[in-house]
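Structural features, examined
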Number of protein chains: 2
Amino acid sequence: MAIQQKLSLMIPGPTPVPEKVLQALSKHPIGHRSKEFQDLVESTTENLKWLHQTQNDVLTITGSGTAAMEAGIINTLSRGDKVICGENGKFGERWVKVAKEFGLEVIKIDSEWGNPLDPEEFKKVLEEDKQKEIKAVILTHSETSTGVINDLETISRYIREHNTALSIIDCVTSLGACNVPVDEWQLDIVASGSQKGYMIPPGLSFISISQKAWEATERSNIPKFYLNLQSYRKSLLSNSNPYTPAVNLVFALDEALKMMREEGLDNIFSRHSKHKLAISNAVKALNLKLFADENYLSPSITAIKTEEMDAEEFRKIIKNNFDILLAGGQDHLKGKIFRVGHLGYVNDRDIITVISAISNVLFDLGKITAKEVGEALVVATKYLEKN
Amino acid sequence: MAIQQKLSLMIPGPTPVPEKVLQALSKHPIGHRSKEFQDLVESTTENLKWLHQTQNDVLTITGSGTAAMEAGIINTLSRGDKVICGENGKFGERWVKVAKEFGLEVIKIDSEWGNPLDPEEFKKVLEEDKQKEIKAVILTHSETSTGVINDLETISRYIREHNTALSIIDCVTSLGACNVPVDEWQLDIVASGSQKGYMIPPGLSFISISQKAWEATERSNIPKFYLNLQSYRKSLLSNSNPYTPAVNLVFALDEALKMMREEGLDNIFSRHSKHKLAISNAVKALNLKLFADENYLSPSITAIKTEEMDAEEFRKIIKNNFDILLAGGQDHLKGKIFRVGHLGYVNDRDIITVISAISNVLFDLGKITAKEVGEALVVATKYLEKN
């Protein structure tokens with residue numbers, strides 16, 4: 001039976017928060033114009049650059065990941081600008097809406113939900129743009145709604161070859177889960193959110209901005225105020241903020257980033273990778289089907305088809321019996337898939353736990369045999385043992 | 001000597017946070033699409049309406065008070081619309097900037113910093129607008145930068161008499177400190193922020209919207225996405241949010257609003273009122289001068305002139321000796337005034353403490369006699385004893 005307050009979050013955000021980070025969160029606030037807070041802004045900014053593998057500016061905004069993506073778009077582009085939007089899920093769809101709302105001309109490159117975007121389509125459209133009319137390529141790295149990771153490394157290479165278009169990338173569920181080397185891939189705008197790989201509650205979002213993107217902000221004619229990044233950049237020169245920041249979430253950020261540095265990027269990435277493999281292979285042993293193309297599985301979220309079972313009903317049983325919150329399908333996928341988040345503060349125990357819970361319910365429903373229950377755990381354990 | 005971590009915040013935000021609220025803040029996050037969170041959205045929304053004394057919708061946004069004010073402006077107005085902006089301090093100034101950024105035509109009604117806005121000027125301009133070209137009156141109720149409260153009751157009556165213009169009011173440091181009866185004064189948009197009277201850390205802002213303002217959103221042609229209030233309204237129908245909200249700050253909000261209901265609006269307002277009177281009268285007994293017109297003192301912040309003393313130096317001594325953080329002057333007032341915040345979770349002890357600290361330093365500097373030190377405390381106590 002479920003016990004109030006002993007919830008395990010296995011959704012793609014909010015993700016579990018370490019005790020230390022919660023303790024930092026609950027400290028008495030301090031003045032956001034004080035020296036003490038400036039020191040925090042300085043150290044978190046430094047650690048954010050480390051996490052982004054960049055020398056670019058990384059700004060912290062009070063708002064969701066959507067606010068950060070919108071900021072990237074409205075600060076660097078102008079009404080009527082032509083942009084490519086990659087769309088293979090709910091978030092890709094959202095950036096198309098944002099682009100259109102602000103008067104951009106959208107060339108859509110899409111693929112069916114569950115499949116990755118085809119880099120060659122980007123190459124083709126970019127190569128054909130001899131007049132260099134395309135000002136930006138907007139896309140989602142890890143598509144949270146489907147559990148697909150897009151091949152950003154290849155697509156970013158084609159963007160660089162175009163030489164004019166900016167890359168504006170939603171890395172909300174990839175940053176801090178897999179390799180996103182901002183400088184190496186020359187990503188101009190990278191947006192992410194606190195309640196994901198960062199291991200802190202929602203409320204902050206982050207945006208890294210290249211020199212080329214800053215130059216573009218000078219030309220942008222879209223009106224903005226709260227999300228005007230130049231204000232944030234100017235304030236950051238004195239380790240400050242243009243508007244009152246979410247002070248306590250910055251305490252939490254500071255603590256979480258220290259934990260991440262202690263673990264190290266390679267360890268963080270390989271932990272997410274083995275969890276992805278453990279879950280996806282266990283799922284197959286349980287006779288369930290992955291929703292996403294198996295060659296493009298997101299490091300942070302696994303979407304699973306339930307076929308004749310109602311996924312919402314299945315999620316409810318898992319929640320009621322085991323206090324584990326799984327995510328459902330969004331829009332037309334509601335009831336058809338459930339999604340297991342394995343992002344941020346997740347250890348091997350969490351992985352065998354969620355597999356056990358899923359197996360247990362499937363067995364109870366008469367969908368699988370005890371042998372299959374065992375096999376799923378064995379295959380998961382095999383992947384977990386790797387490094 | 002100052003002890004790290006025993007800071008007393010007497011700035012106009014962040015304000016002190018009750019232990020209970022900090023504990024709520026540090027709970028493990030829950031899913032923002034869960035029934036449990038929907039229940040929280042429902043109860044906090046209900047309590048926000050109570051605090052606003054309104055039947056209007058009250059929305060919660062992840063962002064600062066500036067985000068809420070911007071949202072009020074860009075959702076209800078269109079490029080080229082004529083608006084009146086009241087300006088008698090830094091925040092009034094900011095709303096002029098926001099209005100201009102989004103292409104509004106601004107009629108400025110100002111007064112010198114430290115003085116209130118003259119309601120008769122609003123009356124005159126509104127009465128002369130026979131063509132009803134003025135679409136909104138934007139102003140700040142309690143001007144945090146100067147410690148002045150503007151006569152919103154009278155100005156709002158003139159706005160109602162105009163019958164077309166919307167009122168868009170920054171109540172960031174008045175809501176939860178003094179009477180802001182949204183329905184009685186028919187205020188169309190009221191914006192506020194969590195780190196003020198709400199007694200929770202920064203990161204959330206609130207906006208109440210009248211039916212008339214909702215009708216105006218249908219005509220607005222200013223592009224927006226993250227701050228599109230119609231999305232928040234639509235989500236609120238199912239006690240949800242369009243984008244991931246700052247879940248832990250909502251835990252804190254829930255707890256703080258319960259505390260506020262327990263204390264009761266009248267008690268909250270009279271507490272702020274007596275603290276204002278205790279401080280302002282003590283200040284005079286100390287031979288210091290109030291910066292703001294004495295008939296228009298803000299309930300939440302008292303600005304004090306330091307004349308030949310450097311106010312920044314004075315603040316530093318108070319911080320170093322007594323761990324009390326006071327606010328400085330902004331822009332041209334830097335070094336010339338300091339500001340004592342008495343907003344939110346502040347009790348009588350905090351008031352006598354800050355007066356004692358100020359007196360002590362003035363005595364040390366040879367500015368006042370022991371008799372004056374005593375008189376300041378006596379006069380403060382007299383006001384504190386009232387109710």
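Some remarks on the overall build of chain A
- Each helix and strand in chain A was counted, giving 13 helices and 14 strands.
- The globule rule puts the C-alpha radius of gyration for 387 residues at 21 Å, and the 21 Å found for chain A is close to it.
- C-alpha extents for chain A along the principal axes are approximately 65 × 55 × 35 Å.
- Residues counted as buried form 55% of the 387 residues belonging to chain A.

So, the interface of chain A and chain B
- Between chain A and chain B, the residue contacts involve 42 residues of the former and 42 residues of the latter.
- The set of elements that each furnish at least two residues to the side of chain A that touches chain B consists of helix H1 (19-25), helix H3 (65-76), helix H4 (90-101) and helix H9 (247-263) of chain A.

Some details on the packing of helix H11 (residues 311-322) of chain B against helix H12 (residues 348-364) of chain B
All names here are of chain B.
- Orientation of H11 relative to H12, taken along the N-to-C sense of each, is 115 degrees, at an axis distance of 10 Å. The angle between H11 and H12 falls in the class roughly perpendicular. As H11 runs across H12, the sense of the crossing is right-handed. Residue-level inspection shows Phe314, Ile317, Ile318, Asn321 and Phe322 of H11 in contact with H12, the latter providing Ala357, Ile358 and Val361.
- Looking at side-chain class alone, the contact of H11 with H12 contains 7 nonpolar, 1 polar and no charged residues.

Observations concerning the relation of the copies chain A and chain B
- Here chain A sits on chain B after a turn of 180 degrees about the axis and a move of 0.0 Å along it, with an RMSD of 0.0 Å. Here the transformation between the copies is reduced to the relation of a two-fold axis.
- The fraction of interface residues of chain A whose copies in chain B are also interface residues reaches 100%, indicating that both copies meet through the same surface.

Some remarks on the domain arrangement of chain A
Residue and element names in this part refer to chain A.
- Segmentation of chain A into domains returns domain 1 (8-14 + 265-385) and domain 2 (19-262).
- Distance between the C-alpha centres of domain 1 and domain 2: 28 Å.
- With 24 residues of domain 1 at the interface, the matching set in domain 2 holds 27 residues.
- Among the residues forming the side of domain 1 that touches domain 2, the class breakdown is 14 nonpolar, 7 polar and 3 charged.

Focus: the sheet that holds strand S1 (residues 8-10) of chain B
Residues and elements named next belong to chain B.
- Strand order in the open sheet made by the 5 strands is S1-S13-S14-S12-S11, with mixed pairing throughout. A strand with exactly one partner marks an edge of an open sheet, and here the two such strands are S1 and strand S11 (289-290).
- Where strand S12 (residues 301-305) and strand S14 (residues 337-341) come together, 5 bridges link them in antiparallel fashion. Looking at S14, one finds that threonine 302 is bridged to valine 340.
- Packing against the sheet, H12 makes contact with S1, strand S13 (324-328) and S14, and its axis sits at approximately 85 degrees to S1.

Considering the pairing of strand S8 (residues 166-170) of chain A
Residues and elements named next belong to chain A.
- Within S8, 5 of the 5 residues are buried, which leaves the element mostly enclosed by the surrounding structure.
- Residues of S8 alternate between two faces, with Leu166, Ile168 and Asp170 on one and Ser167 and Ile169 on the opposite face, all of them buried.
- Pairing geometry for strand S5 (residues 134-140) and S8, over 5 bridges, is parallel. Paired with alanine 136 across the two strands is leucine 166, which belongs to S8.
- As paired elements, S8 and strand S9 (residues 189-193) share 3 bridges and run parallel to each other. Bridging from a neighbouring strand, aspartate 170 pairs with alanine 191 of S9.

Side note on helix H10 (residues 265-285) of chain B
- Between the first and last C-alpha of H10 of chain B there are 30 Å, a value that for 21 residues agrees with the 30 Å anticipated at 1.5 Å per step.
- Just downstream of H10 of chain B lies asparagine 287 of chain B, where phi reads positive at about 65 degrees.

A short note on the sheet that holds strand S2 (residues 57-62) of chain B
Residue and element names in this part refer to chain B.
- Taking strand neighbours across the sheet as the criterion, the 7 strands line up as S2-S10-S9-S8-S5-S3-S4 in an open arrangement whose pairing is mixed. One side of each edge strand has no neighbouring strand; the edge strands of this open sheet are S2 and strand S4 (105-110). Taking each pair of neighbouring strands and ignoring which way they run, the sheet shows an average axis angle of 20 degrees.
- One ladder, built from 6 bridges, connects strand S3 (residues 82-87) with S4; its direction is parallel. Looking at the pairing, glycine 86 lines up with isoleucine 109 of S4.
- Packed on one face of the sheet, helix H2 (residues 35-52) meets S2, strand S9 (189-193) and strand S10 (204-209) and runs near 115 degrees to S2.
- Helix H3 (residues 65-76) rests against S2, strand S5 (134-140), strand S8 (166-170), S9 and S10 of the sheet, and its axis sits at about 160 degrees to S9.

Section: the environment of arginine 94 of chain B
Residues and elements named next belong to chain B.
- For arginine 94, the position within the fold is in helix H4 (residues 90-101).
- Take arginine 94: there are 21 C-beta atoms within 10 Å of it, and that puts it in the buried class.
- Spatially, the C-alpha atoms of arginine 94 and methionine 69 are 9.9 Å apart, while their sequence positions differ by 25 residues.

Observations regarding unusual backbone geometry
All names here are of chain A.
- Note that the residue after glycine 13, namely proline 14, is joined by a cis bond; omega there is -5 degrees.
- Inspection of the secondary structure puts proline 14 in the loop between strand S1 (8-10) and H1.
- The backbone phi angle of asparagine 287 is positive, close to 65 degrees, even though this residue is not glycine.
- One can find asparagine 287 in the loop between helix H10 (265-285) and strand S11 (289-290).
- Looking at asparagine 287, the number of C-beta atoms within 10 Å reads 13, which means it is partly exposed.
- One non-glycine residue, aspartate 323, adopts positive backbone phi at about 55 degrees.

What about the pairing of S13 of chain B?
Residues and elements named next belong to chain B.
- For S13, the buried fraction is high: 4 of the 5 residues fall into the buried class.
- Here S1 pairs with S13 via 3 bridges, running parallel. By the bridge assignment for S13, serine 8 is matched with isoleucine 324.
- Relative to S14, S13 is paired through 2 bridges, and the arrangement is antiparallel. Each bridged residue has a counterpart across the sheet, and for alanine 327 the counterpart in S14 is arginine 339.

What to know about the confidence of the model for chain A
- The share of residues in chain A with pLDDT of 70 or more is 99%, and the mean pLDDT across the chain is 97.
- This complex was scored by the predictor with a pTM of 0.97 and an ipTM of 0.97.

So, how was this worked out
- Residues numbered from 1 in each chain as written.
- Chains lettered and ligands numbered in written order.
- Predicted model: local features only at pLDDT ≥ 70, side-chain atom pairs only at ≥ 80, totals over all residues.
- Helix = DSSP H or I, 4+ residues; strand = E, 2+ residues; numbered from the N terminus.
- Rg over C-alpha atoms; globule rule 2.2 N^0.38 Å.
- Buried ≥ 20, exposed ≤ 12 C-beta atoms within 10 Å, placed from the backbone.
- Contact = placed C-beta atoms within 7 Å.
- Axes fitted to C-alpha atoms, helices over the stretch in contact; angles between N-to-C directions.
- Parallel < 35°, antiparallel > 145°, perpendicular 65-115°, else oblique.
- Left-handed = near helix turned anticlockwise from the far one by under 90°.
- Nonpolar A, V, L, I, M, F, W, Y, C, P; charged D, E, K, R; others polar.
- Least-squares fit on C-alpha atoms with pLDDT ≥ 70 in both.
- Domains from an automatic or database assignment.
- Pairing = 2+ DSSP bridges.
- Expected span 1.5 Å × (residues − 1).
- pLDDT = per-residue confidence, 0-100.

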